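Given next are the chains, with one letter for each unit.
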Amino acid sequence: MPTLESRDQDRHAAVAPGAQLTSTEATPVRTGGSFGSIARKVGVVVILAAGAGFAYWKIQGNNQEVAETANRTAQQANRAVPVTTAAVASRTMPIYLTELGTVTAYNTVTVKSRVDGQLLSVNVQEGQQVKQGQTLAMIDPAPYEAALAQAVGQLTKDQATADYAKAEAGRYNALYAAGVVSKDSQQVQDSNAGQSAGVLDADRAAIQAAKVNVAYTKIASPIGGVVGLRQVDAGNIVHAADTTGLLVVTQLQPIAVIFTIPEDQLPTVMQTMRGGHKLVVEAYDRSETTHLATGTLLTLDNEIDTTTGTVKAKAVFDNKDGALFPNQFVNVRLILEERTNSLVMPASALQNGATGTFVYLVKKGAPPKTADDDSGDGSTSAPSGKGARKSSAAKPAAGGDPADAAPPKDPYYVDVQNVVVDLTEGTQIILKSGLKPGDQVVVDGQEKLKKYSKVDPKSAAPRAGGKGGAGAGAASSAQGTGSSDQTVGPRAGKAGGNAASSKAAAGDEAGAAAHKGAHKPGAQQ
């Protein structure tokens, strides 16, 4: 044992001074490692705390966002639905039949030559309006004037012969009376005188025929109308036997329209005509929106077409403005009756449901309370919570100045009103009951509505058209002219011009403002 201890001591003694220093520094190295372990633990704690804080902040933010989204959804659900309205009117409504008709020229004449000869001139322009008796063309009259002169000369010659025969007959009558000549000789002279008189009559007829041929060289219009395209040019030889005419003249004033009437309606039409009443006929264009002319029913055909079960009818129009043109297709309205004090509304307002036909009737004010509505005015309460309290309603309007915010508009809502339809005429409906004149009904936007829905009404523009088609555009002074984000009142013009931008930019502000106003039943909205 002593030997071993001495060896250890010798070994430690042989250690260099630097090694002792290294051994001395070993304790601080171990101390530094413990400090690093503590720092790492502190760092981990800090990171975990930061993560927990971030998670808490994120959860709170998500909750707030969900609350605001729910709030906006509830507010948007309670916003007024933009709709188009029209007024119910009491007026005279025509009851008519609508048929397809064809415009036909009242008279059409193909002008042909009645004599042969060279066409010297055409005295009218294509498409020119001509009068009856106006010269249209000229044929060379020289051959026919020569024939006339020849006939006149022949008459002069035969006149001299007839005078001699008459004098000869007078002498033989005197001789027969004196008993100088026989009865037969006297009768022969009388016969010669009579033949000469007949020749004179034939010569006079030949002269008249020659004059007619000369007159035929001047071609005149048999009717007043419009000249069509020229078929033959000047300088050509024309013949009376030609199948192609020189010109076509069409009478446009007056003008006729041919259409058909169902045989089921024939008794009504004939009964009215027998009573001495003139049935009014109106012509509309192909789209049945533009009124072209108004005329009267002239007559009906004398038989019913068995293949179609219809009878042809002919109406006459004065066509002073030239709105109708031959072979034009038009929509014809044969007015059977003028029903006075009819309750009329647009057909687009009529809806069908389980209870029958109904309309959405626009009413002013806040909607009444329903079973599923606790707010008392038909609105839906906004969700509560921290997110709901941070509503964007407190934000100023787009301009940043609360004074520039649009004033609140008057509230409107719709009610379901059952109606009874009497008759449908085109785009108009005649009602028996259910509404009264001046009531505002929804004609567009019904797909988003239900009973007591809030609406933002906009009057329909007046509908252009003919008689019986203007009721759909009646406007009401009680209705505004803005859309769902527009303002009704003195600032309606400005708000209406910015309707598109207000929908895109006003989002939460408009919804919160509507929600805020909906919870104040007693306030002026």
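Before reading further, recall that the structure is shown in the block above.
These remarks concern the structure in this document. Counting restarts for each chain: residues are numbered from 1 in the order of the written sequence. With the structure being a predicted model, the display of local features is reserved for residues of pLDDT at least 70 and the display and counting of side-chain atom pairs for 80 or more, all residues being used for whole-chain, interface and lining totals. The basis for the side-chain values is all heavy atoms of the structure; hydrogens and waters are excluded.

1. As for the overall build of the protein chain
Inference 1: Under the DSSP-based scheme used, a helix requires at least four consecutive residues in state H or I and a strand at least two consecutive residues in state E, with every element numbered from the N terminus. Of the regular secondary structure elements, the protein chain holds 10 helices and 20 strands.
Inference 2: Buried residues are those whose accessible area, probed at 1.4 Å on protein chains only, stays under 20% of the maximum for their type, while exposed residues exceed 50% and partly exposed ones sit between those limits. Counting all 525 residues of the protein chain, 33% fall into the buried class.
Inference 3: Contacts between residues were defined by any pair of non-hydrogen atoms, one from each residue, lying within 4.5 Å. Counting contacts in the protein chain only where the partners sit at least 6 residues apart, residues at least 24 apart contribute 78% of the total.
Inference 4: Only the protein chains shown count as cover for residues, and the accessible areas themselves come from Shrake-Rupley with a 1.4 Å probe. Entry remark: accessible area of the protein chain is about 30,100 Å², with carbon and sulfur atoms responsible for 55%.

2. Section: empty space enclosed by the protein
Inference 1: A pocket, in this scheme, is an open set of points on a 1 Å grid over the protein atoms alone with protein on both sides within 12 Å along at least 5 of 7 lines, while a cavity is a set where a 1.4 Å probe fits but cannot get out; residues line either one if an atom lies within 4 Å of a point. Grid points are joined across faces, edges and corners, and a volume is the space filled by probe spheres set on the points. Across all of its chains, the model carries one cavity of 30 Å³ or more by this definition.
Inference 2: Taken together, Lys112, Ser113, Val238, His239, Asp242, Thr244, Gly245 and Leu246 make up the lining of the largest cavity.
Inference 3: Its residues assigned to classes, the lining of the largest cavity shows two nonpolar, four polar and two charged. For this classification, the nonpolar set comprises Ala, Val, Leu, Ile, Met, Phe, Trp, Tyr, Cys and Pro, the charged set comprises Asp, Glu, Lys and Arg, and every other residue, Gly included, is treated as polar.

3. Points about the sheet that holds strand E8 (residues 237-238)
Inference 1: Note on pairing: DSSP must find at least two bridges between two strands before they are called paired. Pairing in this open sheet of four strands is antiparallel, and the strands run E6-E5-E3-E8 from one edge to the other. Because the sheet does not close on itself, it has two edges, and the strands there are strand E6 (218-220) and E8.
Inference 2: Of the pairings in the sheet, the one linking strand E3 (residues 117-122) to strand E5 (residues 135-139) comprises three bridges and is antiparallel in character. Residue Val122 lies in a different strand from E5, and its bridge partner there is Ala137.

4. Some remarks on helix H6 (residues 266-274)
Inference 1: Leu266, Val269 and Thr272 are the residues of H6 that are buried. The buried side chains of H6 occupy one side of the element, clustering within an arc of 135 degrees when seen end-on. Opposite its buried face, H6 presents the exposed residues Pro267, Gln271 and Arg274, each directed more than 90 degrees away.
Inference 2: Looking at the packing, one finds that the buried side of H6 touches strand E9 (247-262), strand E11 (291-300), strand E12 (310-317) and strand E13 (329-346). To obtain the arc, one takes the directions from the helix axis to the C-beta atoms.

5. Examining the side chain of Glu425
Inference 1: You can see Glu425 is positioned in strand E17 (residues 420-425).
Inference 2: Just so you know, the count uses Lys and Arg for positive and Asp and Glu for negative, and it drops His and the chain ends. A pair is scored as a salt bridge if a Lys or Arg side-chain nitrogen falls within 4 Å of a carboxyl oxygen belonging to Asp or Glu. No salt bridge is formed by the buried Glu425; the nearest opposite charge belongs to Arg333, separated by 7.1 Å.
Inference 3: What Glu425 contacts, discounting residues up to four positions off in sequence, is Met93, Pro94, Ile95 and Tyr96.

6. Some remarks on a nonpolar patch on the surface
Inference 1: Note that patches include only residues with greater than 30% relative accessible area and no salt bridge, and the join distances are 9 Å for like charges and 5 Å for nonpolar side chains (Val, Leu, Ile, Met, Phe, Trp, Tyr). On the surface, Ile38, Val42 and Val46 cluster together into a nonpolar patch covering about 270 Å² of accessible area.
Inference 2: A relative accessible area of 51% means that Val46 is categorised as exposed.

7. Looking at the pairing of E3
Inference 1: Where E3 meets E8, two bridges bridge the pair, whose relative direction is antiparallel. Within E8, the residue paired with Gln118 across the bridge is Ile237.

8. Section: helix H5 (residues 183-216)
Inference 1: Taking 1.5 Å per residue, 34 residues should reach 50 Å; H5 reaches 50 Å between its end C-alpha atoms and fits that length.
Inference 2: Looking only at H5, the buried set comprises Gln186, Gln189, Ala193, Ser196, Leu200, Asp203, Ile207, Ala210 and Val214.
Inference 3: Elements that come into contact with the buried residues of H5 comprise helix H4 (142-178) and E6. What a helix should span is 1.5 Å times the count of its residues minus one.

9. Describing the packing of H4 against H5
Inference 1: Axis definition: a line fitted to C-alpha atoms, limited for helices to the stretch in contact. Angles are taken between N-to-C directions and run from 0 to 180 degrees. In contact at an axis separation of 8 Å, H4 and H5 are set at 165 degrees when each is read in the N-to-C sense. The angle between H4 and H5 falls in the class roughly antiparallel. The way H4 lies across H5 gives a crossing that is left-handed.
Inference 2: The residue makeup of the contact of H4 with H5, split by class, is 19 nonpolar, 10 polar and nine charged. To sort the angles, those under 35 degrees are grouped as roughly parallel, those over 145 as roughly antiparallel, those from 65 to 115 as roughly perpendicular, and the leftovers as oblique. The hand of a helix crossing depends on one turn: near helix anticlockwise from the far one by less than a right angle means left-handed, and clockwise means right-handed.

10. Things to note about the pattern of salt bridges
Inference 1: Scanning all chains against the criterion turns up eight salt bridges.
Inference 2: With a closest N to O distance of 3.0 Å, Arg204 and Asp201 form a salt bridge. Here Arg204 and its partner Asp201 are both found in helix H5, three residues apart, which amounts to about one turn of the helix.
Inference 3: Using a relative accessible area of 41% as the deciding quantity, one classes Arg204 as partly exposed.
Inference 4: Arg339 is the salt-bridge partner of Glu337, the closest N and O atoms lying 3.9 Å from each other.
Inference 5: Look at the salt bridges and you will find they share partners, linking Glu337, Arg339 and Asp422 into a network.

11. As for the nonpolar core
What tends to happen in soluble globular proteins is that the nonpolar side chains get buried as a cluster.
Inference 1: Grouped together as the largest cluster of nonpolar side chains are 25 residues, with contacts concentrated most on Phe259, Ile261, Leu297, Phe317, Leu324 and Leu334.
Inference 2: Only strand E2 (89-111), E9, H6, strand E10 (280-284), E11, E12 and E13 provide two or more residues apiece to this core.
Inference 3: Considering every element that reaches this core, the biggest residue donor is E9, with five residues.
Inference 4: Those residues within four positions of Leu297 in sequence are excluded, and the remaining contacts are Phe259, Val269, Met273, Leu279, Val281, Ala313, Lys314, Ala315 and Leu334.
Inference 5: Residues Val111, Tyr144, Val232 and Leu247 belong to the second largest nonpolar core, which totals 18 residues. Here, nonpolar core means buried Ala, Val, Leu, Ile, Met, Phe, Trp, Tyr and Cys residues that are tied together by side-chain atoms lying within 4.5 Å of each other.

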